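Descriptive analysis of the structure
Chain by chain, the residues:
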Amino acid sequence: AQTVTQSQPEMSVQEAETVTLSCTYDTSESDYYLFWYKQPPSRQMILVIRQEAYKQQNATENRFSVNFQKAAKSFSLKISDSQLGDAAMYFCALLETSGSRLTFGEGTQLTVNP
Amino acid sequence: GAGVSQSPSNKVTEKGKDVELRCDPISGHTALYWYRQSLGQGLEFLIYFQGNSAPDKSGLPSDRFSAERTGGSVSTLTIQRTQQEDSAVYLCASSLQGTFGANVLTFGAGSRLTVL
C-alpha cells in the first residue's frame, strides 16, 4: 500500500525568505503522480504543483518548485520569496497509476512571519 | 457549476442521529471522491465514484457510512447513528476523469460535522 509521510508538523518562515517542506513516500509502482496541495483556513484545498514520476525535470510554478528524488522517494516543496498569503496547511499527495485514490500526508502547517 | 459545492457548510448533530452531506461536482466531471479530515489530521479516503462503474467503497470506516451518486452528478454521503468520533470535515472532490493522467482533483470547501 502507498504511504506519504510529512515529518514536519509545523514550519515558519520570514516574509520574503525561502522555506522547504519535506515529503517522503512509498509505492511499489514506477508510474505515479505527486502533488502539493495548500489548505488555507477557508478549508478549500488548492493545487500548488504536481510532478509526473516519469519526468526527471523538477516541476516549477512561479515561486513554487519541487525537488523530486525518485530513488530516495522524496518530494520536497520549496517556496521562494514567501508571502503572507502562503500561510496555510500544506499536504503532499501521491496518486498511483493502478489506483484511483489520492493518498495524503499528515500535513505541514506553514506560518509566514511579517 | 464553477466549482465543487458542498452543503451544509457546518452541521451540528446529536449522537445517534443520521446526517446527510451533499456534494455537487463540477459539471462534466465524471469522477467524484469523498475524504474525511479529522482535527489536525491528513485526509482519509472514503469513497470514489467513476462514471457508471461500481464505486470504490474500500475507505468507508463502518457500515454506518454510505454514499450515493445520482445521475452521475450530485452525491450524498450518509452517516447513520452518528458517533462523536465521526466529527470531522468531510471534503468532496471531482475530476474530469478518474484515470491516471491526471486529472487534477478540484475540492469543495467541505462540510464540518460536529457530533455532540
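What you see is a predicted model; the values in this text were computed from it and never measured.

Across its full length, chain B carries zero helices and ten strands. Reading the helices (α) and strands (β) of chain B from amino to carboxyl end gives β-β-β-β-β-β-β-β-β-β. Taken along its principal axes, the extent of the C-alpha atoms in chain B is 40 × 25 × 25 Å. Expressed as a percentage of its 116 residues, the buried residues of chain B come to 46%. Taking the contacts inside chain B whose residues are at least 6 apart along the sequence as the reference set, 55% of them involve residues at least 24 apart. Positive and negative charge centroids in chain B, built from 10 and 10 side chains respectively, lie 3 Å apart.

Attention now moves to the interface of chain A and chain B. Each partner contributes residues to the interface: chain A has 22 residues there, and chain B has 27 residues. Approximately 1900 Å² of surface area, both sides summed, lies buried where chain A meets chain B, with 56% of it carried by carbon and sulfur atoms. Where chain A touches chain B, the interface holds one salt bridge. R101 of chain A is the salt-bridge partner of D56 of chain B, the closest N and O atoms lying 3.9 Å from each other. There are eight residue pairs in polar contact (both at pLDDT 80 or more) connecting chain A and chain B. Counting residues per element, the ones that place at least two in the side of chain A that touches chain B are β5 (32–39), β6 (46–52), β10 (88–96) and β11 (102–104) of chain A.

Right, let's talk about the side chain of T78 of chain B for a bit. Locating T78 of chain B in the fold gives a position in strand β7 (residues 75–79). With sequence-adjacent residues up to four places away left out, T78 of chain B is seen in contact with V19, E20, R64, F65 and S66 of chain B.

With that out of the way, let us pick up the pairing of strand β10 (residues 111–115) of chain B. Residue and element names in this part refer to chain B. What you see with β10 is a clean split: S111, L113 and V115 sit on the buried side and R112 and T114 on the side with no burial. Taken together, the four bridges between strand β2 (residues 10–13) and β10 define a ladder with parallel strand orientation. Paired with K11 across the bridge in β10 is L113. In this sheet, β10 lies alongside strand β8 (residues 88–95) in antiparallel orientation, the contact comprising three bridges. Of the residues in β10, the one forming a bridge with V89 is R112.

Residues and elements named next belong to chain B. Read from one edge to the other, the open sheet built from four strands follows the order β1-β3-β7-β6, with strand pairing classed as antiparallel. Where the open sheet ends on each side, the last strands, each with one partner, are β1 (5–7) and β6 (65–69). When the angles between neighbouring strand axes are averaged without regard to direction, this sheet yields 15°. Pairing of strand β3 (residues 19–24) with β7 involves five bridges; the strand directions are antiparallel. When the sheet's bridge partners are listed, C23 is paired in β7 with S75.

Each value, and the rule that gives it
- Residues numbered from 1 in each chain as written.
- Chains lettered and ligands numbered in written order.
- Predicted model: local features only at pLDDT ≥ 70, side-chain atom pairs only at ≥ 80, totals over all residues.
- Heavy atoms only, no water.
- Helix = DSSP H or I, 4+ residues; strand = E, 2+ residues; numbered from the N terminus.
- Buried < 20%, exposed > 50% of the residue type's maximum accessible area, 1.4 Å probe, protein only.
- Contact = heavy atoms within 4.5 Å.
- Lys, Arg positive; Asp, Glu negative; His and termini not counted.
- Charge placed at Lys NZ, Arg CZ, Asp CG, Glu CD.
- Buried area = accessible area lost by both parts, 1.4 Å probe.
- Salt bridge = Lys/Arg side-chain N within 4 Å of Asp/Glu carboxyl O.
- Polar contact = N/O pair within 3.5 Å; in protein donor to acceptor, adjacent residues only side chain to side chain.
- Pairing = 2+ DSSP bridges.
- Axes fitted to C-alpha atoms, helices over the stretch in contact; angles between N-to-C directions.

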